[in-house]
Amino acid sequence: MDFALSEEQRMFRDMFRNFAAKEVAPRAEEIDHAETLPKEMLRKAADQGFLGATIPEEYYGAALDNISYTLLLENLAASCASLAVTVAAHVSQVAMSILDFGTDAQKEEWLPALAGGEAIGAFALSEPDAGSDMLALETRARYEGDEVVLDGVKTWVTNGELAGLFLVFARGPQGMDAYLVPRDTPGLTVGYREPTLGLRSAYFNTIYLEGCRVPQNYRLGSPGEGEAIASRAVDRMAVALAAVGLGLAESSVDVAAQYSTERVQFGVPIGKKQAIQNYIANAYTETEALRYLVYRTAWLIDQGEDFSVEASAVKAFGARIARSVTNWMLQVLGGYGYMEDYPMARKYRDARVLGIIGGPTEVHTFRIARYILLQKDLEIVPRHQ
Amino acid sequence: MDFTFSPEHQALRRMIREFAETEIAPIAAELDREHKVPLEIMRKLGEIGLLGVCFPQEYGGMGAGETGYCILMEELGRVCANTAVNVGAHIGIGAMCIHLDGTPEQKRKYLTPLARGEKIAAFGLTESNAGSDAANVRTRAVREGDSWILDGGKVYITNGGYADIITVMAVTDPALGARGGITAFVVETDSPGFKVAREEDKMGIRGSSTAELVFEELRVPHENVLGKVGEGFVTFMKSLDMGRLTLGAACLGGAQQLLEQSVYWAKTRRQFGEELAHKQAVQWMIANMATEIEALRSLVYRVAWLVDTGQPFTQLAAMCKLYGSEVLSRAVDMAIQIHGGLGLSRDFPIERAFRDARINEIFEGTNEVQRIVIASNIFREFGVRIRP
Amino acid sequence: MRIVVILGRMLDPRGIVVNPRAGRIFVNREEYILQPADRCALEAALRIKEAVGAEVVALPRTFLPDDDVLRQALAIGADRAIYIAGKPVALPDDGLMARVLLAAVERLGEVDLILTGATTMDTGQGQLGPRLAEALGWPQIVGAWTAEVADGSVRAVRQDGGGYVWVEASLPAVVTFVPGALKLRYPDGRRLINIYKGVGEIAAALERWEAKDLVAPEALTPLLERRGQDFPPERERGVRLSGSPEEIARAAADALRSRLPR
């Protein structure tokens, strides 16, 4: 066992931290209130190679290992969780799906564009009546000669408005398929943007597919492989969101600890009060537990091992810790924590969203239980129990 | 023991619920979205007597007691946290000081228009370095003939941006500190020297005014001293006790509404081939919410009964605030989880409830301060004196 | 001028849950509210009072187990309310109540206007106003939206087909209101507390009369009795058509044509 970051990883971490502090943090409040993610901020992230984080060098990616990628999301999230989630959806859900399941032609067509930020990736799985329940998907893929016609509605499409490329899941004749649908495809319309509690600078849109026609060779993987592609993407995104949660938690501890040295009540800095010490100490402990669970899961991905259960565990845990730590740290700030001109309220709102997006905690909990009980020869299904 | 509401309180609840659902619920989302203070609602509440719910009839009140006031706050909390906060600051702490320690003349002059909603009150305690630590007040009042001259400022004053009358705590004798050196004044906000410096941009309760106030050589006549000179701290603490109880009542209403919304959604939304109501994870959340809400309801109305029957209630009022705010926070957390994506969207009321709920753990004395109060009272019974 | 307003109560629909699958209605909270149309009548009476001055007297539209309806009327603004105690009857019976209320109006004396709801929202009773007008020999306006009094007559707006018409009747008269016609006022908090506590001047405004003192015992025999229930024959079920859109359209058209009257 070796818990130390490599020389290279430490160098990356410092670079990510500097970027976030210099380019992101000063504008985090402003862009949250405006509910936009400025193009130039994404441009700068692309110039640093962040948008091609784990894409191999042959496709002009930064070829980061997964621990370094975790460090990237963690440090971006410490300043602006919306930006981190945008990058995570782009890299973990879209680019990596193409890398894992795409043909050489698809990889060559899309990965350099994604890595360079010329196209942002969006992941279109959820539907109005099928959030976590993949079997209930109603979007249809009809094969017509060399073409496929897509019809349906997708909701909560992360990066919807920003995207140049959509990874769309639809039910075809042989089960669920996945398609790469460029933004300008006729029949694809980007619709309503969800006004969200948190992650207000990220984009969650409804998209409409009406007779949306793409060539057969835009299908990712073989017919019916969509479910495998989706669950793999969900797994990767789960780890990425846990890294976002880690960034939110550790930066909240930092903000609150600093404040507790400055705020004087009853004649002393509140940091001298045991109740405040407890909040900070518990928050730190939970954050560190999360940190090593996230890093370990990232390490597992690098080892090429299956990480589905670990992904669910770290997602459920990460969302919980981000929620409880931001909650306590907001309490340390008291009234200041409730004001929108300080970062704490934003972190608190952002953290709550992590418990729902990327599959609600209950779904990940189910996946963990299913795995454990299967070891004991009990098979469970999510329906009717 | 009798746990039923009296006929007048049942009738009062029916009246308030009708008003709240007809007049307030339809605009609650807009108040939040547009950062609009519901002044028109306050005026209408005053017209039908509700802003004087717990004040005596001889001063324009309704005479429905603290129980009636808790019913009002519960029903307002159900439909609109903003209205509950504005009304709570107006009745529960702002006007309450005058009700508790005002002279008959002060009550006639100030409490009557407040009870009728012709004027709006605020409570001026918090300063940038005196929040939970109420004894650390810096605003200074100096006697000059028949008047006092106030200099200083207050922060985070609910209703501060538009109140007509503010009960302000100021230091009259720095040597004596909190006990003996602080005096409560009734300040009319159209007096020269009174200024609203800024409005805060808050995560929630965005349909309420949270203002920073500045006093520069603000002249207050001596007849506007509330209670005795030097005893302002006691006046304010007594008002805060009342405020804490009714804050718990507002949380009760909010949590009850979230429970009902969650039950509705759980029986409507289908996932994995069945309604969420059939998922044990969801059943557990509903059961926990409901149990806590019932415990809170019992606590709130028991304390209201203590107040109405003239018994000591400080300790239990602190528990109401502490427990109420935490029950509401847990309820809203579970409501979001049950609603999923819908719970995160500003198009639906759960998201607003999440942002609104959080302030309850902070204002009117943070929950940490409530715990200090509760622990101190318990230790005192055993001869241990706790200093915060 | 004296205005009599007749008010009833109904279960608060917010306390009721309908389960269509079980074909049942569950009463979760047994709480009563004023009949909405009756409350409009009270609102109209109070507006007339404010315009021209009047004494508003509230009477119940059925024999009720308690006087809550009358207390509510007083809280909202009625000057006087009379609870008429009588043995509740099994079925809503406007005929029986019209006899009792006729006697009550005669005992009150000098009544210029009787206002009530055109229909109850739960059981759909609509005969009370017309029957009273008939018994008193007064003109009546049924289904009014507004009413105002001037120069010894009452003018009301009522719906007539797609439009609205003014209708005028000389006093004394009976006017019935449709629910939702007027923006209602809320009770006054202080009146409400006092009348329910039974304190202050308002407590004396609530009186109690006995039905048996108003009418002869035989007049209290219900006009209605339940003799059983009979349902219409079950409707023919629809059919599900399948095939191409053209085939479905043709089949649907044929089916409709076969049902046209020859």
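Residues numbered from 1 in each chain as written. Chains lettered and ligands numbered in written order. Predicted model: local features only at pLDDT ≥ 70, side-chain atom pairs only at ≥ 80, totals over all residues.

The next subject is the overall build of chain C. Summing up its helical and strand segments, chain C has seven helices and 13 strands in all. Taken over the C-alpha trace, chain C has a radius of gyration of 23 Å; the compact-globule value for 262 residues is 18 Å, which it surpasses by more than 25%. Summarising its shape, the C-alpha atoms of chain C cover approximately 75 × 40 × 40 Å along the three principal directions. Scored against the burial criterion, the 262 residues of chain C give a buried share of 37%. Residue pairs at least 24 apart in sequence account for 69% of intrachain contacts in chain C once pairs closer than 6 positions are excluded. (Helix = DSSP H or I, 4+ residues; strand = E, 2+ residues; numbered from the N terminus. Rg over C-alpha atoms; globule rule 2.2 N^0.38 Å. Buried ≥ 20, exposed ≤ 12 C-beta atoms within 10 Å, placed from the backbone. Contact = placed C-beta atoms within 7 Å.)

To continue, consider the nonpolar core. A:Val244, B:Phe185 and C:Val5 are the most contacted members of the largest nonpolar core, which has 322 residues in total. Discounting residues that sit within four places of it in the chain, B:Phe185 has contacts with B:Ala141, B:Trp148, B:Leu150, B:Val168, B:Ala170, B:Val220, B:Asn224, B:Val225 and B:Leu226. (Core = buried A, V, L, I, M, F, W, Y, C linked by C-beta atoms within 7 Å.)

This part takes up the arrangement of the chains. Among the two pairs of chains in contact, the pair with the most contacts is chains A and B. Considering only C-alpha positions, the minimal separation of the non-contacting chain A and chain C is 18 Å.

On to helix H10 (residues 314-339) of chain B, then. Residues and elements named next belong to chain B. Here H10 contains 26 residues, and its C-alpha end-to-end distance of 37 Å stays within 8% of the 38 Å for a straight helix at 1.5 Å per residue. Across the 26 residues that make up H10, a large majority, 22, are buried. Of the residues flanking the end of H10, it is Gly 340, one or two places downstream, whose phi is positive at about 60°. (Expected span 1.5 Å × (residues − 1).)

With that settled, the discussion passes to the interface of chain C and chain B. The accessible area lost on association of the parts is a frequent measure of interface size. Counting residues at the interface gives 10 residues for chain C and 15 residues for chain B. Element by element, the count of residues in the side of chain C that touches chain B is highest for helix H5 (residues 189-197) of chain C, at six residues. Residue classes in the side of chain C that touches chain B are distributed as six nonpolar, one polar and three charged. (Nonpolar A, V, L, I, M, F, W, Y, C, P; charged D, E, K, R; others polar.)

Turning to the domain arrangement of chain A, a few remarks are in order. Residue and element names in this part refer to chain A. The domains assigned to chain A are domain 1 (7-119), domain 2 (122-225) and domain 3 (228-375). The C-alpha centroid of domain 3 is placed 20 Å from the C-alpha centroid of domain 1. Every contact between the two is made by 25 residues of domain 1 and, on the other side, 24 residues of domain 3. Of all the elements in the fold, those that place two or more residues in the side of domain 1 that touches domain 3 are helix H2 (28-34), helix H4 (66-79) and helix H5 (81-101). (Domains from an automatic or database assignment.)

All right, on to the packing of helix H4 (residues 65-79) of chain B against helix H5 (residues 81-101) of chain B then. All names here are of chain B. Their axes nearest at 7 Å, the elements H4 and H5 cross at an angle of 155°. The angle between H4 and H5 places the two elements in the roughly antiparallel class. Between H4 and H5, the residues in contact are Tyr 69, Met 73, Leu 76 and Gly 77 and Ala 81, Thr 83, Ala 84, Val 87, Gly 88 and Ile 91, respectively. Each residue belonging to the contact of H4 with H5 can be placed in one class, and the counts come to seven nonpolar, three polar and no charged. (Axes fitted to C-alpha atoms, helices over the stretch in contact; angles between N-to-C directions. Parallel < 35°, antiparallel > 145°, perpendicular 65-115°, else oblique.)

This paragraph deals with the sheet that holds strand E12 (residues 173-177) of chain C. Residues and elements named next belong to chain C. With mixed pairing, nine strands are arranged side by side in an open sheet as E11-E10-E9-E12-E8-E1-E6-E7-E13. Unpaired on one side and paired on the other, strand E11 (163-170) and strand E13 (206-210) mark the two borders of the sheet. Going across the sheet, the axis of each strand differs from the next one's by a mean of 30°, ignoring polarity. Direction of pairing for strand E6 (residues 55-60) relative to strand E7 (residues 80-85): parallel, over a ladder of two bridges. Residue pairing in the sheet places Val 57 in a bridge with Arg 80 of E7. On top of the sheet, helix H4 (residues 128-136) reaches strand E1 (2-7), strand E8 (113-117), strand E9 (140-150) and E12; it is set at about 65° to E9, its chief contact. (Pairing = 2+ DSSP bridges.)

So, on to the interface of chain B and chain A. The interface is formed by 33 residues belonging to chain B together with 31 residues belonging to chain A. Residue assignment for the side of chain B that touches chain A shows that the elements contributing at least two residues are H10, helix H11 (341-344) and helix H12 (349-357) of chain B. Top contributing element to the side of chain B that touches chain A by residue count: H11(B), with three residues. The class makeup of the residues in the side of chain B that touches chain A is 11 nonpolar, 11 polar and 11 charged.

Residues and elements named next belong to chain B. In this structure, Arg 140 sits in strand E2 (residues 140-144). Measuring from C-alpha to C-alpha, the distance between Arg 140 and Gly 153 comes to 9.1 Å, with 13 residues separating the pair along the chain. Other than its neighbours up to four places away in sequence, Arg 140 contacts Asp 151, Gly 152, Ala 170 and Val 171.

A word on the pairing of strand E4 (residues 165-172) of chain A. Residue and element names in this part refer to chain A. For E4, the buried fraction is high: seven of the eight residues fall into the buried class. Strand direction decides the pairing type here: strand E1 (residues 121-124) and E4, joined by four bridges, are parallel. Looking at E4, one finds that Phe 123 is bridged to Leu 167. Counting the residues in the hairpin turn of E4 and strand E5 (residues 175-182) gives two residues.

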